[in-house]
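Report on the structure
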Amino acid sequence: MRNQAVILLLALLGVTTAHAADSDRELARQLALQQKNLLPLLSNQEYQSPLPNLLQKASPQLQRQASDANQAAISRQGLDGEVKQLMQLRLANPEQAAALQQGVEPLVAYVPSGDEKSWSAIEAFDSAGNPVYLDVDKAPARPVLVVEADPIKAKNAGLKVMRKALAAADLQAAPATTASTAPLKTSILKKISLKDDKEPWLLGAAEVYAVVAGVNPSRAEPVVDIVDMPYLDDDNTEYTPNQILVYWDRYRWGAVDIVMMEQDDNVNYKELSALFIDALKLAFTAGGVPEALPFLDLGGRIVKALPDSWMTNNDDYLDTFYTLEQDQSYHQYPGSAGNAVIDLEPKEIAPTKP
């Protein structure tokens, strides 16, 4: 029954996504027709602005279209009650700013529906409302404005939804109760790079987060920590975040799996959370509770639970690191998919003296 429910959900999601793309298409065309009134306002916002800020003097019809598209994006991503405003207009490629400043007329595009690997072209509109078709892989020299759901707002709200769902299922990792004099054992992400951030030029910078999965230190249950990685914007770029990736007092046996994901426009965070929870719970009901290492393949179960469409242009799967251990150093260590490479170092943080 659960598999049938997932299939039905994905079928409905496909219909909803296609309808949303049609709505966004018409919104992009209308914005292109009125771009002369929008550009002065947009340039004051560094070529990125929430739609309501640009449409205060627009026609009631265009304001209504933008409002409907905004609510559709919120509902599509399962963010009702978490965020009120998502839709924005953004310059697709910062390198196009010079041409825009020189008076080159921009095109206005929207995010197509479906798997980005199936996109044959990106449709945009000129100031007369005529369609112009652009290469999917190579950004044009001509400026392109894209109407979209703000990926940063969507991810931040989505991670809240996931953390709430995990907490409600009693799977949210939390610090174990330890003496205040004990040092905090962590692993620090010193370096990270991606070969492919799964983002075409239209979608801009990546929005990455990590799912850290292990076993509860006090009971036979899986636990998960969601770690935001807001700095990880571009592929083929080495980042040195010095970020705590694992708090070891949250996990038994000093071992975790880490699944890296990238947020995209069509994910429903409520449904993604439900899939994570089902996969983690199943690990214990189907496999029993391990008494010693090697511990359960939690990362693998998460990845296997993701429907094929959610591995493409919804929440893109980036890579998995299996059985990372406490007190171990990892240098130029590749993930199982060969996409991410990390340097991870153990670090004990002494408590602050009173």
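A few points on the structure. For clarity, every value in this text was computed on a predicted model and none was experimentally measured.

1. Some thoughts on the overall build of the protein chain
The helix and strand tally for the protein chain stands at eight helices and 14 strands. Restricting the contact set of the protein chain to residue pairs at least 6 apart, pairs at least 24 apart contribute 75%. Per element, the accessible surface of the protein chain, about 16200 Å² overall, is 52% carbon and sulfur.

2. Examining the pairing of strand β6 (residues 144-149)
Of all six residues in β6, six are buried; the element is thus mostly enclosed. The side-chain alternation of β6 yields two buried faces, one formed by V144, V146 and E148 and the other by L145, V147 and A149. Relative to β6, strand β2 (residues 87-91) runs antiparallel, the two sharing five bridges. Bridging from a neighbouring strand, M87 pairs with A149 of β6.

3. Focus: helix α2 (residues 35-43)
Of all the residues in α2, the buried ones are Q35, L38 and L42. Take α2 and look down its axis: the buried residues cluster within an arc of 60°, on one side only. Within α2, the exposed residues directed more than 90 degrees away from the buried face are K36 and N37.

4. As for the nonpolar core
Grouped together as the largest cluster of nonpolar side chains are 56 residues, with contacts concentrated most on L31, L51 and L89. When residues of this core are assigned to their parent elements, the largest contribution, six residues, is made by helix α6 (residues 151-168). Setting aside its immediate chain neighbours within four residues, L51 contacts L27, L31, A66, Q85, M87, Q88, L89 and V147. Counting residues in each nonpolar core, the second largest holds 27 residues, with I192, L245, V246 and L324 among its members.

5. Describing the environment of K185
On the secondary structure map, K185 appears in strand β7 (residues 184-194). Through-space distance from the C-alpha of K185 to that of K347 is 6.1 Å; in sequence the pair is 162 residues apart. Here the side chain of K185 touches E348 through a polar contact of 2.4 Å, side chain to side chain.

6. What about the sheet that holds strand β4 (residues 122-125)?
With mixed pairing, the six strands of this open sheet are ordered in space as β1-β2-β6-β3-β4-β5. If you trace the sheet from one side to the other, it starts and ends with β1 (48-50) and β5 (131-134), each paired once. Taking each pair of neighbouring strands and ignoring which way they run, the sheet shows an average axis angle of 30°. Summarising the sheet, β1 and β2 pair through three bridges and their orientation is antiparallel. By the bridge assignment for β2, Q48 is matched with R90.

Criteria and cut-off values
Residues numbered from 1 in each chain as written. Predicted model: local features only at pLDDT ≥ 70, side-chain atom pairs only at ≥ 80, totals over all residues. Heavy atoms only, no water. Helix = DSSP H or I, 4+ residues; strand = E, 2+ residues; numbered from the N terminus. Contact = heavy atoms within 4.5 Å. Areas by Shrake-Rupley, 256 points an atom, 1.4 Å probe, with all protein chains shown as cover. Buried < 20%, exposed > 50% of the residue type's maximum accessible area, 1.4 Å probe, protein only. Pairing = 2+ DSSP bridges. Arc of directions from axis to C-beta. Core = buried A, V, L, I, M, F, W, Y, C linked by side-chain atoms within 4.5 Å. Polar contact = N/O pair within 3.5 Å; in protein donor to acceptor, adjacent residues only side chain to side chain. Axes fitted to C-alpha atoms, helices over the stretch in contact; angles between N-to-C directions.

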